[in-house]
Amino acid sequence: KAVGTLYNSSEANSRKVVSVARDLFTGRGIRLEEVTVTGSSEILQAAQVLTHRSIQAMWVNEEIAKWLGVRFPAELIKEAAQ
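Now for a look at the structure at hand. Fair warning: this is a prediction, and the values are worked out from it, not measured in the lab.

The secondary structure content of the protein amounts to four helices and three strands. Sequence-ordered secondary structure for the protein, helices as α and strands as β, is β-α-β-α-β-α-α. Looking at the protein as a whole, 34% of its 82 residues qualify as buried. Excluding contacts between residues fewer than 6 apart, the proportion of contacts in the protein whose partners are at least 24 apart in sequence is 70%. When the accessible surface of the protein is split by element, carbon and sulfur atoms take 52% of a total near 5,100 Å².

So this is what it looks like as structure tokens:
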């Protein structure tokens, strides 16, 4: 099992959240696939990378959700998989 996530590597809070999540997922036998982004313009490409890593789900943290604005994450993932 694998979950994909995007996070902003330049933000301490984002790094901390992913670090905690990494430990939680690992403890439950789930691989966390991570891709870093530094701005909203990188989200689509990063999501495309995740779709090629055999993930079963995508976790969108709060910071990435804010960058997405009104775009629904599932729509973004569907677009990235094409």
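The next thing to look at is the nonpolar core. Grouped together as the largest cluster of nonpolar side chains are eight residues: Leu6, Val35, Val37, Ile43, Ala46, Ala47, Leu50 and Met58. Looking at this core, the elements that each hand over two or more residues are strand 2 (31-37) and helix 2 (43-51). It is helix 2 that contributes the most residues to this core, four residues altogether. Excluding its chain neighbours within four sequence positions, the residues that come into contact with valine 35 are Thr5, Leu6, Tyr7, Ala46, Val49, Leu50 and Arg53.

Conventions we followed
Residues numbered from 1 in each chain as written. Predicted model: local features only at pLDDT ≥ 70, side-chain atom pairs only at ≥ 80, totals over all residues. Heavy atoms only, no water. Helix = DSSP H or I, 4+ residues; strand = E, 2+ residues; numbered from the N terminus. Buried < 20%, exposed > 50% of the residue type's maximum accessible area, 1.4 Å probe, protein only. Contact = heavy atoms within 4.5 Å. Areas by Shrake-Rupley, 256 points an atom, 1.4 Å probe, with all protein chains shown as cover. Core = buried A, V, L, I, M, F, W, Y, C linked by side-chain atoms within 4.5 Å.

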